[in-house]
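Coordinate inspection notes
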Amino acid sequence: MTSPAHAAESLTPASSVDYPYAHTSLLPLVGTLAVLALLPAVFLAGDLYMLSVLAGAFLTAAACVGLAIVTGWAKLLSFSQGAIYGVGAYAAGIIATRHDVPMWLIMTVSILAGALTGLVLALPTLRLQGAYFGIATIGIQMLIIGLLVKGGDLTGGPTGIAGLPLPTVWGKELFEPGELYYLTLAWLAVVSLLAGWLWRSRIGWEIRLTGHNSGLADAFGIPVVRRKVIAFMLASGIGAGTGCLHAYVYGVIDPFGFGIQFSAVLLIIVLLGGKHGRVLATMVAAILITLLPEYLRSFADIRLLVYGLVVICLVLFAPGGLSGLWDRAWSLFRGFATNSKGATLK
Amino acid sequence: MTDTTPLLALQSLTKGYGGVLAVDSVSFDVRAGTVHGLIGPNGAGKTTTFNMICGATVADSGSIRHNGEELTRAPGWKRASRGITRTFQNISLVPEYTVHENVFLGSLPSLTKGKRGRARTQRYDHAWAAVAALLDDFDLSSVASRLAAEVPAPVQKRVELARALAAQPSLLLLDEPVAGMTESERSEVLMAIEKVRATATILLVEHDMKFVMSACDRLTVLDRGRLIADGLPDDVRADEEVIKAYLGAEA
């Protein structure tokens with residue numbers, strides 16, 4: 001056990017190479033989704049309130065996983081995800097209250113509308129750098145909300161649209177909190193697995209490389225602007241698809257729910273998930289941040305104050321976000337493991 | 001070396017900045033299989049020429065042909081996808097990726113470009129494994145799983161070279177590969193270049209005369225934007241105009 005040969009072996013990491021980015025396994029993500037799928041059966045049976053809150057958290061998480069592709073991967077600060085979420089919600093609201101069209105079709109239309117909006121908005125703005133791009137997206141955000149407010153009969157003006165049909169899957173109308181829980185979780189599963197698969201794919205690498213160093217990406221044959229456009233379209237398509245589901249789940253939408261504050265919350269969640277926009281970390285951050293206010297109810301009036309403080313502390317003391325904390329904990333653990341091994345050798 | 005069309009042909013390349021001609025009607029060829037040096041005193045127009053070849057700047061007039069294909073106005077990424085790969089004067093790695101991942105970045109464009117027969121690596125895993133072999137070639141296996149930010153600068157330079165080779169370039173552009181290096185680090189880079197030349201043609205821009213003389217088969221000398229000499233290192237060294245330009249610059 002303590003022969004010198006063994007010692008040398010344990011010190012050099014032989015042929016086993018870590019693949020922290022490239023070979024990020026989808027297993028933790030699948031495991032988390034599985035745990036979420038089992039939650040209602042184990043803990044939450046009958047807790048209708050919590051099931052509804054979590055359904056909302058899953059919608060937020062899906063929108064954030066989309067936003068992470070732009071902000072975490074391509075490193076473009078986008079303040080317009082909330083409005084694009086609204087585009088999807090309004091696409092659903094406008095079509096579903098006027099025509100008898102199945103939900104999956106409206107969902108598809110919303111995703112395409114979102115991706116198209118993303119394309120139209122990306123083309124003129126993506127040549128802007130850093131903060132200027134962020135400011136342009138604030139403009140986009142306000143423009144879209146302005147259009148929704150001034151949309152007359154089509155968008156229902158400031159009061160929005162009410163009376164959407166119930167979400168219907170395979171002929172079954174879903175309305176109980178437990179059913180909506182699984183509907184939103186299914187969407188989150190689709191979105192997060194798609195994003196997780198993209199992360200490992202060539203296009204995911206290329207989008208992330210444009211974010212890390214666009215000059216380098218260009219020098220290695222990657223069309224930087226096109227990749228950023230794709231990232232923006234993916235984020236917008238996911239955002240709008242989620243917005244569409246939101247409209248179905250709540251049945252009512254109004255323009256102010258998709259305002260700049262909502263966009264800011266989405267952005268904060270992505271940053272808390274970690275600067276690289278890893279899928280699982282973003283998802284977990286979204287669920288935690290949505291649940292936080294619920295657990296702060298005992299603070300009543302100063303709830304928002306505490307919420308704000310928690311967010312500020314996280315940014316100050318964990319600038320790498322959740323994934324940064326995880327990395328640090330993991331390397332500490334590994335350092336501890338190797339150190340204790342070294343100690344036994346002596 | 002067998003065919004007569006040069007790998008890279010520059011014709012009357014010109015670039016001016018606000019009335020000053022940084023590069024004035026420069027023409028030269030880079031032949032396949034050679035290590036070609038582009039040298040000259042400060043302000044000679046080397047970097048501008050280099051940038052016009054890799055696509056960082058666009059020429060005002062003239063033409064750049066690579067394998068007979070006109071690339072004068074092509075964007076940088078398109079040139080890279082045609083096999084023109086560059087390194088950077090300031091080491092340019094992704095610090096939060098491992099050495100292995102950084103080298104892997106070089107093989108990204110070739111992952112789906114199977115048409116021109118450059119890529120055996122259709123699949124991701126094959127590319128990943130191919131990188132491992134490349135790391136071995138460059139003595140980087142032992143640091144493969146270290147973060148790029150953690151390894152010393154000369155090692156980072158080797159990582160850059162390995163990454164450039166992962167792109168399977170036909171023409172490798174090296175921007176001042178030994179700038180700011182010690183003598184022993186220089187010889188390390190020289191050895192790496194010797195390895196690279198088996199698979200790619202190299203065009204390098206460099207200040208250091210001694211290094212250039214030992215590394216290059218052919219030299220092109222620029223002075224104040226004009227081409228003043230083009231030929232074998234020994235001939236160039238003896239050229240009077242070259243001596244004058246260098247002594248003039250140093251005096």
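Below is a summary of the structure that appears in this document. Predicted model only: the values in this text are computed from it and were never measured.

**Points about the overall build of chain B**
Helix and strand content of chain B: nine helices and 10 strands. Against the compact-globule benchmark of 18 Å for 251 residues, chain B has a radius of gyration of 18 Å, which places it among compact chains. Dimensions of chain B along its principal axes, counting C-alpha atoms only, are 50 × 40 × 40 Å. Here chain B, with 251 residues, has 55% of them falling under the buried criterion. Restricting to contacts in chain B with at least 6 residues of sequence separation, those with at least 24 account for 65%. Counting every atom, chain B has about 10,800 Å² of accessible surface; 51% of that belongs to carbon and sulfur. For chain B, the separation between the mean place of its 28 positive charges and that of its 31 negative charges on side chains is 7 Å.

**Here's the deal with the overall build of chain A**
When its secondary structure is counted, chain A shows 15 helices and two strands. When burial is assessed residue by residue, chain A has 48% of its 346 residues classed as buried.

**Looking at the pattern of salt bridges**
Residue and element names in this part refer to chain B. Tallied over the full model, the rule gives 16 salt bridges over all chains. Note that Arg86 and Asp175 form a salt bridge whose closest N and O atoms lie 3.6 Å from each other. Of this pair, Arg86 sits in strand E6 (residues 84-86) while Asp175 sits in strand E7 (residues 171-175), and the two are 89 residues apart along the sequence. A residue is classified by how much of its surface remains accessible, and Asp175, at 5% relative accessible area, is buried.

**Regarding the sheet that holds strand E2 (residues 20-30) of chain B**
What holds strands together in a sheet is hydrogen bonding between their backbones, with the strands either parallel or antiparallel. Residues and elements named next belong to chain B. Strand order in the open sheet formed by four strands is E2-E1-E4-E5, with antiparallel pairing between adjacent strands. This sheet does not close on itself; its edge strands, each paired only once, are E2 and strand E5 (69-70). Pairing of strand E4 (residues 61-66) with E5 involves two bridges; the strand directions are antiparallel. Its bridge partner being in E5, His66 is matched across the sheet by Glu69. Sitting on the sheet, helix H1 (residues 46-54) is in contact with strand E1 (8-17), E2 and E4, with an inclination near 120° to E1.

**Some points on the packing of aromatic side chains**
Each pair of aromatic rings is reported with the distance of its centres and the angle of its planes. Evaluation of the coordinates by the stated rule reveals 11 aromatic pairs over all chains. In textbook terms, an aromatic cluster arises when at least three aromatic residues are bridged by ring pairs, as seen for Tyr85, Tyr90, Phe258 and Phe262 of chain A. The positively charged end of Arg208 of chain A is found above the aromatic ring belonging to Trp199 of chain A, 4.0 Å away from the centroid. Geometry around Phe138 of chain B places Lys195 of chain B over its ring, the cationic atom sitting 5.9 Å from the centre.

**Things to note about unusual backbone geometry**
Residues and elements named next belong to chain A. The phi angle at Lys75 is positive, at roughly 55°, despite the residue not being glycine. Tracing the backbone through its elements, the reader meets Lys75 in the loop between helix H3 (48-73) and helix H4 (81-96). With a relative accessible area of 33%, Lys75 lands in the partly exposed category.

**What to know about the layout of surface pockets**
Taking a probe equal in size to a water molecule and rolling it over the atoms shows the remaining empty space. All names here are of chain A. Roughly 720 Å³ of volume is contained in the second largest pocket. Those elements that provide at least two residues to the lining of the second largest pocket are H3, helix H11 (224-250), helix H12 (260-273), helix H13 (279-295) and helix H14 (303-317). Of the residues contributing to the lining of the second largest pocket, the split by class is 14 nonpolar, six polar and four charged.

**What to know about a nonpolar patch on the surface**
Together, Ile302, Leu305, Leu309, Ile312, Leu316 and Phe317 of chain A make up a nonpolar patch on the protein surface, roughly 660 Å² of accessible area in all. Within the secondary structure layout, Leu316 of chain A lies in helix H14.

**Examining H12 of chain A**
Residue and element names in this part refer to chain A. An ideal rise of 1.5 Å per residue puts 20 Å on 14 residues; H12 measures up with 20 Å between its terminal C-alpha atoms. Turning to H12, its buried residues are Phe262, Ser263, Leu266, Leu267, Ile269, Val270, Leu272 and Gly273. One or two steps after H12, the chain reaches Gly274, where phi turns positive at roughly 135°.

Thresholds applied
Residues numbered from 1 in each chain as written. Chains lettered and ligands numbered in written order. Predicted model: local features only at pLDDT ≥ 70, side-chain atom pairs only at ≥ 80, totals over all residues. Heavy atoms only, no water. Helix = DSSP H or I, 4+ residues; strand = E, 2+ residues; numbered from the N terminus. Rg over C-alpha atoms; globule rule 2.2 N^0.38 Å. Buried < 20%, exposed > 50% of the residue type's maximum accessible area, 1.4 Å probe, protein only. Contact = heavy atoms within 4.5 Å. Areas by Shrake-Rupley, 256 points an atom, 1.4 Å probe, with all protein chains shown as cover. Lys, Arg positive; Asp, Glu negative; His and termini not counted. Charge placed at Lys NZ, Arg CZ, Asp CG, Glu CD. Salt bridge = Lys/Arg side-chain N within 4 Å of Asp/Glu carboxyl O. Pairing = 2+ DSSP bridges. Axes fitted to C-alpha atoms, helices over the stretch in contact; angles between N-to-C directions. Phe/Tyr/Trp six-rings, centres within 6.5 Å; stacked < 30°, edge-to-face > 60°. Lys NZ or Arg CZ within 6 Å of the ring centre and 35° of its normal. 1 Å grid on protein atoms, 1.4 Å probe; cavity = no way out; pocket = protein on both sides within 12 Å on 5 of 7 lines; lining within 4 Å. Points joined across faces, edges and corners; volume = space filled by probe spheres on them. Nonpolar A, V, L, I, M, F, W, Y, C, P; charged D, E, K, R; others polar. Patch = residues over 30% accessible without salt bridge, like charges linked within 9 Å, V, L, I, M, F, W, Y side chains within 5 Å. Expected span 1.5 Å × (residues − 1).

None of the figures reported here should be taken as evidence of function without further support.
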